[in-house]
Each structure stands twice: as structure tokens, then as C-alpha cells.
Amino acid sequence: MMQLDDYATDPLHPNQNPITDDDDNAAIESDSSLDEEESPLVLALDDLESRLVASLNEFKSHPGRASDPRSQTIHDELASILRPVVEVTSHLGPSTGRALANGYPHVLGVEMCVDEIYQRTVSELALPVILESAQSDVIPAKRAASLATFHTLYNEWRKGGSWLDGTTNAPAWSGPYGPGGAGSAAGGVPAIAPQESGRRTNLRSMRKAELLRRWVQGAIPNLAPGTFTSSSLDASAASRGVLSASAALKPCLKYMAERIGSADDAGALRLFLPVMRLIEGVLGRLFLEGARKNDGRDINNEKEGDALRSSCIKFLEIVVLCFSNKALPGAAGSQAARMKKDASQANDFSLEDLPPGHPIITRENLEEIGEYAFSTLRGLVLLGGQAEIDPNLLLAAAASSSVGNEFMGGGSSPFQQILSIIKPAALAFLKVESDAEKAGAESGDKDSFILDRSNIELGFGLSQKSYSLSINAVQMLATKRPVFFKESSICLARRTMDPPGGLSGDAEGLLTKAAVTGIRTHLRSSCLTLLRNFLSVTSGCWEALADALNASGMKAQADRALQASRQQLNLMKGGRAARNRAAIFYEWESADNTRQLKRQRDSDDAEARVRAAKIARGLGSGVQLPTSMVDACELVLLNLENLPPKRPPVSSTSQRKRPIDLDFVVDAVMSNGASLSVNENRWYDRDGGEAWTMEEGEVGEDGRRILSFSLSDKVLKAGVMAAESDELKDSVKAFADQSKLAASKAFSRVLFSASNARSEAVADMGKQIAARLAWTLSGVKPSIEIESAHSMAVKSVEGAMSKHDGKKKESAAELLSFVESHPLVSSCLTFDMTPNISSQAVHPKEDGGQPNSPASSLSLRVLNEAYVCSTDADDDERLHEKKYEQCLDVYVSTVVNACNMANKKPNDNERKRIANLAASALPHHLVSLPALTPSALNLVGAMCDIDEISKKALIKSSKQTIAESAAAHAAKAAAEKRATAALLILRDVAFQRDAVRQSAIDCAVAIAAGRLPASQPIEDKALKLVMNVIYPKNADCANKVVESASKELEHAAIFSIENHEIISKANKANARKKEKSGHAIRSPLLPQSEEEKHALDRVRKPVVLFMALCVRRPEIIKIIMEMSCEEGADVLAKAVKTNMPKLAKAAAVKHGAANIALKVSDMASEAEIPLFLSFLDNIAPATEKSLPSQELIDACHEIQRKRLDANGDADPQFVIPVLSGMKREELVRKLPEFVKAKDDIFKSSLRRMSERLAKYALIFRIEPDQTETTLRGMSSCEVMVYLHQLDFNAVGLPQPRYLESIQLCLEDDNLFNDQVIQAALDHISGKFLEGEPLPLAYMRTVILTCSKHESLHSWICHVLLPRLVEGRVYNYKRQWEGWMRCAKSLENTGDHGVSSLEAIQKLPDEQLKLYRAKYPRK
């Protein structure tokens, strides 16, 4: 529900829609052509969504097993199922948007089409469903297929013309806004505005971020341990998750670099955090499984864990590659540039690509992760597995990575979470490496490396596959990242010299003997490859590589590799001529390969063209018609010669009376074969009827013959008898029945001929004839061809009857009688909206215009005929006028029924099409009609009743398929569009039709007030329409809006009064139940029962609407106060009080708080005082920082002076709302007035005084300047102090009432708790020590406090009573008596350490004797 202060009188923007725009201050928007008929964009979206839903539904319902494992695997089968999703979301969607923009350039823009298609098909449908399947599907294969789909989408989106087009060079044609494909930005490309170019760039970035974020979010849950109870399924899902993480890491890092470079730190961080959780999850599956074995799973099993471990090692390689620098620090510029160029060609990413400046995503933090990961990879290669990590470190990392049962919990930072996993693994290897180097140095050779493998414990070992991947990773990092070349080379060289299997080459760990042999060969080839690289010479590690190869018996290969590396280095340092000569051979070789590939492509293309040509000719698998209509017609014409020369004989021997000529064929075609089934027994079916005879006259001067037509005497006589006679003979009756039947069939033929005519003039003429005949042939029943149209009219009227009661139901019954007496009229009105008929009728137009224009509409022709009859009739004019009204009601009710039928069956495309066409044509028809009726406008308002379809779209069930859900949401959107069109109709009528303006406004206001059924969004739109569009139009519209709102408020008052007794009984019964159960009574403004809750919901909307008008017209506040104060209208009064804050604040902002308070005070009567006080209470500021203005305070005082009670005294209620803003000195003077008032007024005044001084509740404030009073309000402590210091005799206050007021304060624990009482008593006792006398009620309050607050016993005994003794309280008789009674009550309390005995002992001897004399010690 909109806020009342949203209604403003600011100038309205001319291009905003007042109903669909979120801004409440929107204005009128001109109707676009898309409102007239079904938008091509909507149709295209429905088609794309249906394809996506079909594919996704098939994927979701797939059992997860391959239907034919011999032909394709389950992964290939699932990928083929999801292939339409990729095609639609990547290429078909953007191309459809561009095609719509080109086909409708004046209606649809390419930006609108493309953006809407992306939002509906990709962002709201495809990506969420794929993400859900990737995260929560119970079948690992379907999870893997979903993750693979994200990778495929990322690759496809970057192709020409797709969402992330990276091939098009022209900015105006980049992404989905152009044809796609690589091209230059040369001429022919239209220029675009810089704002639009920036918008497209931002959209491209947002779409890329959405895809990457969902991709990462889909992979993260698969890395959680225990995703599946089966260890094999769990490892399989985790492997697919790691593979997806490996593919997504580089694109995500590149996007983050782009965002940081664009100064969008927040955008980079939104993707960075999920990526860090992704890395954390992969590392956790690699290193933390040892700490997670307590669940009974053994992931280290070779068969189950090797695939997962291999994927994790590959991911670790990518992490090192991305979190490291490309060139050596201090490298030459040419070398660094060459390395950067090579890396960019390989789609690489490094820390140089990450711009500096982000506060969290820094190169230093990422580089630290990369260095530890590289050390871990070296350890895997050198040790053949992961060195054993301290179990305590593993448990700590596992606990921080998986808090409780949730995977990957929070931590201090994402970097710390990752480092807590990777750092212990790296340090475990570095410790082993350091010990080996130290042992080698102790042996006398500083370059020696002695590794005692017998003393090394491994957390897990590597199999052949994972070991090979580790070696490949180290070798690749050496070539791609020169910073790691030396360490990688030394690592591989050391492992080559100390290979797996030792000297014998036997099996070791998880490696079989054959695997050991393969790993040895792999190590030697890696060393040879690195030695061939020129970096081996520049880094100085060629000696270690050469020694390792020499030890393996490959000295000759090592020498040649070293020579090649030195030659390569010399070429790099040589001149241009030397480098060109060296590149000749490679250039020729690449050219040969290019020509060979081109020839192969040409051969494949030619073969494909031959196959396509055969298929087009119908060859191949049998004879079949080509898809092209031209080719199909040509193929048929070529085969005509193969037809038999004679027609096959028929079973019937009867001779045909009509020869088969051109006219016979044309009639058969035009009548869709109806002329072939002529009934010979009916004269009107044989030859058009013999009632008319034609005679040819002589040839005239113009060369034409004069034709004369005459009616048969027999036919004319029979017609007159049928019209005049009550009883007809059998022959005449039969003739009359056949005449009516003939007229019915002739009418249907005219109707279909007009609907199927290809000429606009013929169609218009046919509809005019049909409209005139429909009224002329009264009582003639429709033929079987159009009987369904008449049935639909009957159902429409019956549906309207079911929603009415009383007089409206009687008028609906008359409407049904009209439909039965004029069946052809009702059939014409519903002809275009009947499913079985509308699908057969076509509405072409020769000039290419829009079909079914208002001027040529059949329904409009019928309505115009009815109106002409009503104006031409001399006698019984009211009867004819009523026919026009009834005819209009039937038409509108039929439109409403078509919309309801579409809402009931969301999957029926035909009903949806008819409803959209009818709803789009309705406003144009109503504009063209000469007159409108209030009943027709009420029926238009019934189109807003879409609450059922709205609730159906919100229902989510496990049995509901994706197709059903999508259809329900599409039906809801279409219904809301039709309901919005109905509101626009009411707007246009209110602006353009003076005669029915009040009726249109009444209907719109009834929808906004909730009396006419509508969904919540439509009610909000109606409220905006009434307040922001109709009301500001002119004074007449504003007056009528107020009048309609007053009617709705009156309906609400009547409803409240009628249900008063029921609600009262329900409230009393509910109150008794709460008393028995011990529940506290809720706020009086909250509903006390379900009946009252429903009633409040019913009256709330008209109250809010009327209050919104009160903001603009304060004088009508009197109306809402009068109606709310009627006897029995308690529910209405409660609704008004509940929403009073909105009215008060909005009115105060618009008119000024003081002015509006005085104005409402003058309007309020004595019976309306409670509502006025509620208004006054809410008009004051409610925040701690804002106090009531002095003008408002003065206004409240003036209101108090004007409105005296029956005794002539001022009523303090009128100043209570502003007490918090009044000065404390003035509040002290007015305190006796509040004490004299009733208890509820007294307590309310105390709360108002201290409501903004909660933090000073325990303090008695001192004026900063004693010469001027500035303190406002009164804290709780100050209230108690001034209340005790009040001289009740001087102000004429009875002592019992004075003491009762203090008692009321003590009973209010919320405002005056024990600490407040202590602070007040402490302040008064302090003043007593300074010489001020104790107030009369002081000791009484102390005694009451002792009995109420046991927590203050210690303070009273050890602080207060001794202080009073020190101030010689015994010199004051009444206070001394109270002191003794208090001391006596606390002397023997029994509490440990709490007793007044210490204070009693401090009394002087004389007073002590007096005390003991009165209260002897027991």
C-alpha cells in the first residue's frame, strides 16, 4: 500500500505511465500500438520460453541413466537434451530481438527487445533452473551436465552476436545489438549516443557477472564432503565440481581485473568472495580429507579418489599460474613483452593483469597463495605424495573451513581461510626439503641433496595419473612462468636422479611397476624439454638438468638439447636477418597446413550441399515434400502427368446435377468443401432458392441489359401467413421453419464470407449486412456453425449474474432474456471471441493495415445498429434504448468472460490469444461508440478480478512441472496487462465522457477501495490512477473523486455497523480464551479476533484512500470523523486510528502542523474528540532528535483554551502531544492539572514528558544557565522529584489524590523502575543534606519502595537511612515517624548483610532510646 505522503502536487513527467510506473507521482502516457493487439515481443517471448521450458522439463525429469549406453554415454545424452537451452539463450534469443526490432522499427527498439528477452529467458528462467540442478540434484550426472552447461554458455556467449560478443569491432553492433561476427567499425554502421554505449557496456558487464557468479555458485556445493552418502558418488560429484572450478577460475579473475580497472571495487568483491570459497573448497578436498575421515568414508581409495585428486592437482596448477607473475623481476623489456604476448595468445592470466588499488584484492595476498601452492606441487613431485601435516593444523583448518555441518564456514578473511589449508601443506614439504639440503651440505657437497625417504611419512600418495599431472604442472609452470623455472628444473632434476622405485624400478606405494617405468620416462622427458629451453642457460640450472640426464644414460640427448637452447638464445640476441632466416621453414610449414585444411573444408561443404539438394528433391529416405513451399509446388506440378486420366468410380450411382466446372471448384474452395455436401431435400441448399425469379430486358444504350427481380406469389403469400397467423398449417409451418433455417444458414454464410474476405471493402460490406440482418432476424436461432458463439454469450451473461445480487441480479436476468430473444445479435457480439470460430476466421487487409480496426469490427457494427434503432424509434423509445444498453452489456461481459476463460486454463494458447485480442480491441470499440452506460463500465471493472490467477501463479508444488509454472506466470502477466487496460479505459471515459464520468470514477475508486474484486497490484495501480491522474485533471474530476470516495467510506461504515454484533461476540470469546490461557492483552488497535481482522482488512483500503484525499482537501476530514463515530462503527474507527499517523504526518508536511491542528479542532465535535486527539497525538514529531515546534505548542494551548469541559476547566488532553517539547519550568506549573485528571490521562502525560529523555531517565538535569530556562521535557527522575515537591494545598489538590498519583507512578514499572526510584530518592535526600526540607510524602514513598523493590533494600539500609540521620531527620516529626517505621521494617529482613541496624546504631542516644521504646528489640 502506498504511503500517504507519496501524494504530491509536483509537476508530472509526460512520459511516465501512471499505473505501471513505480513512482506514485507519475502521469499519463499515450497509448502505444502494443496496447491495441498482442505484442510481437510477447509472442516471441512465449515461443522462446516454451522451448526452454520443454528442454528444462525433460532434463529435470530424466532418470539419470543412459537410454542406450551403446550409442552414447549419459553425459552426451544430457548434453543433447540441454542443447536447445544453449541455442536459445546464446544465439536464438539475441537474433529474435534483433529481428523484432527490424520488423517493427517504429514500435519496438532493439534495446527493449534484447533486454526483455534476456531478462525473461536467461536471467529469470534458464540460469536459475540450471543453477538449482547443479546445486541440489540428487543425480551426479545431472549435476555434471548442469556445470558443463555453464562452461558451454560462457563460450557461446562470447561468439558474434551473443550477450558477451568479443568478435565485433563496431561499438554500435557489439553484443546482441548487432548482427554479430567479426567486422570493422567502418562506414555503414550507425552511430549511437555515448549514454547508450555506456549502458550497453554496463549491461554486458552485469550479464557476464551474473553468469560467472551462478557458475561459481553451482560448483561450490559439489565440493562439500558428504554431498552423497556413497563415497564413489561423492567423489564423482566433487571431481566434476573441481573441473568446473578449473574452467571458471580464469574468466572470474579476468572479470575482477576489469571491474577493478573500472574503479568498481564493489563489483569485483561480489565475485571475489565466491571465488575464494571455491578455491577453499577444492583445496579442502585435496588436503583436509584426512581430518574428515571420522564419517566413515575413505576418499584415499585408489579407485574412488584418484580422479578427484587428479582434478585437484590440475586446479592447483591453474591457481599457481594465475597467482604469479609472467616475467622475471628486472627482466629486459623485450623479453617481458614477448612473454606477455605469448601468454595473452594462450588466454592466460597473471598478477600483472590485476590492476592495483583494491583494498582487499591485492597482488601481494594472491602471490602468497601462489607461492605456497607452487611449493606444494614441487613437494608432490619430489616426494611422490603429500608430506604428513600436523594433525592439529589439519583439524584447525577443517574446523575453520567447515563450521559445524555447514561446508566452508566463515573466517577472519578469505585469504586466511585458504592459507590455513595450503600453508601447512607447503611448510611440511619445505621442512623435508630443508632437512635434505642440510644433510647434503653436511656430506661435503653443497649442491648435494640427500633425502631419507624411510623417515618421511606421507599424508597420501600419488597414482600414475595424478603423478603425471603433477610433473606436467611443474614443467608447464617452468615454461609459462620464468620466475619458477629454476626451482621447477631443480625439482625435476632431483626427482630424476632419485626416481620412484629406486635403482631396481620396483612398485612403490600406489604405483605399479609399469607405472613406475612410465613415471621415470616422464621425468626424463620433462628434464630434456626444460634443458632445450633457453631459460635453462640464462637461469643457470642447465647443469642440474644435464647431470640428471647423464645419470639416466641420456648424455647425447642432453648435449643436443643444451646446444639447441644455446642456439635459441643466440638467435634471440642476433639481428633481424638471422631471425628471419630461421623462421622461413616454419612459415612454409604452416602455409602448407593451412592449404590442406582449406581443401578439406571445401570437400566437406560440397558433400553437405549435395546431401541438402537430395533432401530438397524428396530423394533419400522415400518421397517427401520439401520444406520450401515453392519447391513443393514445383514437385507437385511435375508429378501431375502421373495422375490417372479418369476419375475412380464412386459407390453412388446417382447422377450429379451440377457439372464439374471452374465455378464448381471455386465454390468448393471458397466454402471449405461445404458445397460438396448439398442436401437435395432443401430447396435453399439446391440452387440458392427458387423464391426469386430474374428476367432479362432489352439492351440499353450503354450496352447493358436491364435485369428485373420478382418474388414468387406463393412464397410471398406463405410469408404473410407465417407473420400474421397464430396457428399455421403443416405446409405453411414447414415452409416457415425452413425459411428460418434458410435465413440462419444464409446469415452464417454471410458472416463467414465477411470474415474470410480478402478485400477490406467486401469484409466491411459483409459485416454491415450481417449486423443489419442480426437485428432484423429476431428470434431466428443460429446455425450449427455459429451456435457455439451464442452459447458463449449465454455463459458470459450467466457468469455476470453469479456475481450480482438484488436489483443488479434482476437486470442481469433481463440481459439473459435479451440474449435468448436476439440469438443472432449475441452470436455476432461473441463471434470473434469464440475459440472454435475465431481460429477459422481470418482478417486480412489489402493495404497492409491492422485487422479488426474499430470501424470494421462486427461487434461495433451491431452496437451501432442498436443505437440507430434507439434514436429512430418514435414509440416505445425507452425499450429501444434499453436494447442498446443490453447489447453493450452483452459485448463487455463476453470480453470479461474471454479473459476469465484464459485465466482458468493458462496452457490454452488459443484462449489466451482470444483474450488478448478482445481486451486490446475493447478500449478502441468503447471510444468509437456513441454512448456508454454505467453497467458496461462496471463490467469493464470486472476485468480487474484476477486474484485467482495471481494466487495460482504463486503456488509452488513439487508436482508442478516447469511448463505449468511458466504458463501460470505468463497467464498472470497477461491478466495483469488486461486489467491495466481496463483501468486505462476507465481513465479515458472519465476524461472524455461527461455523461458517465461519475460512473467511471465510481468504478475506479471502488477497485482502489477493494469493494470491487481485484488483485493487490491492480488495486495499487487503481489507487495511483485515482490520486495521481484523475484527481489532478480538473476541478470536476476532483469533486467526483471525493464524492466516490465518500460513497466507499459510507459503504465501509455500513459494513462495520452490520457486523458490529458478530465482531463483538468474537472479541469477547477470544478475550475469555486469553484470560484462561494467561496471554497478555494486545494493543487495542490490533484485531482481537479473526472476524475483526477480516473486517479491518475490508475497511482499511477505503480509509486509506479517503485519507489520501484528506491530505489534499483538509476540509473533508470532518466526513471521515463523522462516519467513524457513528454508533456501531467500531471497526471503522479502529481502522482510522490505525492509519491516523499517515494522515497526520502527511497533512502536517503539506499544510503545517499548527495550521492543520487548529483547522481540524474547529471541525471536530464533542463525539469526535477521541479521533481528534488521535490526530493530534500523531501530528507531533515522533523522533528523539525532533521536538514539537513552538507554533504547534501554542496551537495546542489555544485549542485547550477554546475547548473547555462542562465545568469550564481546561482539558489537559489537548496539550499532552506536545509535552515533550515544552520547557521543564512550564511543565512544573502544569503538573497539578495532570494530577487532577483521570488516571489514564495522568499516566499518558508522564510518558509524553519523558519519552525523548530515555538516556536521562536516572538524572536530574541542571539548567546550564540559571538566568534562562532551556531544558525541555522532564525525565523520569525529574517527574518523581517534582511530584514529591508539589505543594498540593497551594494548588487546591486533595491530599488523597496527591498521594494516589505517587502510588500510580510506583506501580508503573516500565517508566519508573527501581533505578529511577533510587535516583529520585537519592536526589531528594541530597538536597535534604543541603538544607532543603524533605517533602511530605517522601518517607511514605520510601516505605512503599521497600515493600515493592527488594533490590533497593541494601541501598536504603546502608546509604539512605544513614544519610537521613546525618541530616537530622528526627527533628521533623512526621518524617521521623516514617524513618522509624522504615527502619523497623528492614531491621530483621533476614537477608544476609541487609539490615537497618547499622543506621539505627548511628542515631543519637536520645533518639535511639525513643526508637527502642517504640520498637523494642526482639
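These numbers come from a predicted model, not from an experiment.

Caption draft 1: Structural detail: the overall build of the protein. When its secondary structure is counted, the protein shows 56 helices and 4 strands. The proportion of buried residues among the 1418 residues of the protein is 47%. Taking the intrachain contacts of the protein between residues at least 6 apart in sequence as the baseline, contacts between residues at least 24 apart amount to 71%. For the protein, the accessible surface area stands at approximately 70800 Å², while carbon and sulfur atoms represent 52% of it.

Caption draft 2: Quick peek at the packing of helix H54 (residues 1373-1387) against helix H56 (residues 1405-1414). Where H54 meets H56, the closest approach of the two axes is 11 Å, and the angle between their N-to-C directions is 65°. In terms of crossing hand, the pair formed by H54 and H56 is right-handed. When H54 is examined against H56, the residues Trp1376, Glu1377, Met1380, Ala1383, Lys1384 and Glu1387 are found in contact with a partner set consisting of Gln1407, Tyr1411, Arg1412 and Lys1414. Among the residues forming the contact of H54 with H56, the class breakdown is 4 nonpolar, 1 polar and 5 charged.

Caption draft 3: Representation of helix H52 (residues 1338-1348). Among the residues making up H52, those that are buried are Tyr1338, Met1339, Thr1341, Val1342, Thr1345 and Cys1346. Each buried residue of H52 sits inside an arc of 155° when the element is viewed along its axis, so together they form one side. Summarising the contacts, the buried residues of H52 are in contact with helix H49 (1276-1284), helix H50 (1295-1307), helix H51 (1314-1329), helix H53 (1353-1366) and H54.

Caption draft 4: Representation of the environment of Arg560. Considering the arrangement of structural elements, one finds Arg560 in helix H18 (residues 555-573). Between the C-alpha atom of Arg560 and that of Arg532, which follows or precedes it by 28 residues, the distance is 8.2 Å.

Caption draft 5: Local environment of the nonpolar core. In terms of nonpolar packing, the biggest core is built from 209 residues, with Ile1120, Leu1132, Ile1179, Ile1356 and Trp1379 touching the most fellow members. In contact with Ile1179, not counting residues within four places along its chain, are Ala1144, Ala1148, Ala1153, Ile1156, Ala1157 and Leu1192.

Caption draft 6: Local environment of the environment of Ala921. Residue placement: Ala921 occurs in helix H32 (residues 909-928). Among the residues examined, Ala921 registers a relative accessible area of 18% and is labelled buried. Considered as a pair, Ala921 and Val895 are 26 residues apart in the sequence and their alpha carbons are 9.5 Å apart.

Caption draft 7: Fine view of the packing of aromatic side chains. Summed over all chains, the structure comprises 17 aromatic pairs. On the numbers, 6.5 Å between centres and 70° between planes, the contact of Trp157 with Trp163 is edge-to-face. Both residues of the pair, Trp157 and Trp163, belong to the buried class. Ring centres 6.1 Å apart and planes at 45° place the aromatic pair Trp775 and Phe818 in the tilted group. Linking Trp775 in helix H25 (residues 760-776) with Phe818 in helix H27 (residues 807-821), this pair joins segments that are 43 residues apart in sequence. Comparing Trp775 with Phe818, the two get one shared label, buried. Among the aromatic residues, those joined into a cluster by ring pairs are Tyr1370, Trp1376, Trp1379, Tyr1411 and Tyr1415. The lysine or arginine in question, Arg207, covers the ring of Tyr118, its NZ or CZ lying 4.6 Å from the ring centre. When the ring centre of Trp542 is taken as origin, the NZ or CZ atom of Arg566, which lies over that ring, is 5.0 Å away.

Caption draft 8: Broad picture of the pattern of salt bridges. Tallying each qualifying case throughout the model produces 58 salt bridges. The partner of Arg214 in a salt bridge is Glu210, and the shortest N-O contact between them spans 3.4 Å. Taken together, the residues span about one helical turn, with Arg214 and Glu210 both in helix H5 (residues 194-219) at a distance of 4 residues. Owing to a relative accessible area of 18%, Arg214 belongs among the buried residues under this scheme. According to the relative accessible area criterion, Glu210 is buried, its value standing at 9%.

Caption draft 9: Expanded view of the confidence of the model for the protein. Here the protein averages 78 in pLDDT, while 77% of its residues score no lower than 70. Long-range and interchain partners of residues 1-37, a stretch whose pLDDT sits below 50, account for 88 contacts in this model, where long-range means more than four residues apart. Counted against residues more than four places away or in other chains, residues 402-411, with its pLDDT under 50, gives 25 contacts.

Caption draft 10: Representation of the state of the cysteines. Tallied over the full model, the rule gives 0 disulfides. Free of any disulfide, Cys1382 has its nearest neighbouring cysteine sulfur in Cys1346, separated by 3.7 Å.

Caption draft 11: Structural detail: a nonpolar patch on the surface. Taken together, Tyr1256, Leu1258 and Ile1259 make up a surface patch of nonpolar side chains, about 240 Å² in accessible area. You can see Leu1258 is positioned in the loop between helix H48 (1239-1250) and H49. We classify Leu1258 as partly exposed; its relative accessible area is 42%.

Caption draft 12: Focus on the packing of helix H15 (residues 513-532) against helix H17 (residues 542-551). For the pair H15 and H17, the least separation of the axes is 10 Å and the interaxial angle reads 145°. For the pair H15 and H17, the crossing hand works out as left-handed. In this structure, H15 uses Arg524, Cys527, Leu528, Leu530 and Leu531 to contact H17, whose residues at the interface are Trp542, Leu545, Ala546 and Leu549. Of the residues belonging to the contact of H15 with H17, the class tally is 8 nonpolar, no polar and 1 charged.

Caption draft 13: View of H18. With 19 residues, H18 extends 27 Å from end C-alpha to end C-alpha; this agrees with the ideal 27 Å at 1.5 Å per step. The complete set of buried residues in H18 reads Ala558, Ala561, Leu562, Ser565 and Leu569. Buried residues of H18, viewed axially, fall in a sector of 100°; they line one side. Of the exposed residues in H18, those oriented more than 90 degrees away from the buried face are Arg560, Gln563, Gln567 and Asn570. Contacts made by the buried residues of H18 are with H15, helix H16 (535-539) and H17.

Caption draft 14: Highlighting the side chain of Ser1174. If you trace the backbone, Ser1174 turns up in helix H45 (residues 1169-1179). Ignoring anything within four residues of it in the chain, the contact list for Ser1174 reads Lys1137 and Met1140.

Caption draft 15: Inspection of unusual backbone geometry at higher detail. In this structure, Ala263 is a non-glycine residue whose phi angle is positive, near 65°. Structurally, Ala263 is set in the loop between helix H6 (231-261) and helix H7 (265-287). Within the chain, Arg1368 stands out as a residue other than glycine whose phi angle is a positive 60°. On the secondary structure map, Arg1368 appears in the loop between H53 and H54. Given the relative accessible area of 51%, Arg1368 is considered exposed.

The rules behind each value
- Residues numbered from 1 in each chain as written.
- Predicted model: local features only at pLDDT ≥ 70, side-chain atom pairs only at ≥ 80, totals over all residues.
- Heavy atoms only, no water.
- Helix = DSSP H or I, 4+ residues; strand = E, 2+ residues; numbered from the N terminus.
- Buried < 20%, exposed > 50% of the residue type's maximum accessible area, 1.4 Å probe, protein only.
- Contact = heavy atoms within 4.5 Å.
- Areas by Shrake-Rupley, 256 points an atom, 1.4 Å probe, with all protein chains shown as cover.
- Axes fitted to C-alpha atoms, helices over the stretch in contact; angles between N-to-C directions.
- Left-handed = near helix turned anticlockwise from the far one by under 90°.
- Nonpolar A, V, L, I, M, F, W, Y, C, P; charged D, E, K, R; others polar.
- Arc of directions from axis to C-beta.
- Core = buried A, V, L, I, M, F, W, Y, C linked by side-chain atoms within 4.5 Å.
- Phe/Tyr/Trp six-rings, centres within 6.5 Å; stacked < 30°, edge-to-face > 60°.
- Lys NZ or Arg CZ within 6 Å of the ring centre and 35° of its normal.
- Salt bridge = Lys/Arg side-chain N within 4 Å of Asp/Glu carboxyl O.
- pLDDT = per-residue confidence, 0-100.
- Disulfide = S-S within 2.5 Å.
- Patch = residues over 30% accessible without salt bridge, like charges linked within 9 Å, V, L, I, M, F, W, Y side chains within 5 Å.
- Expected span 1.5 Å × (residues − 1).

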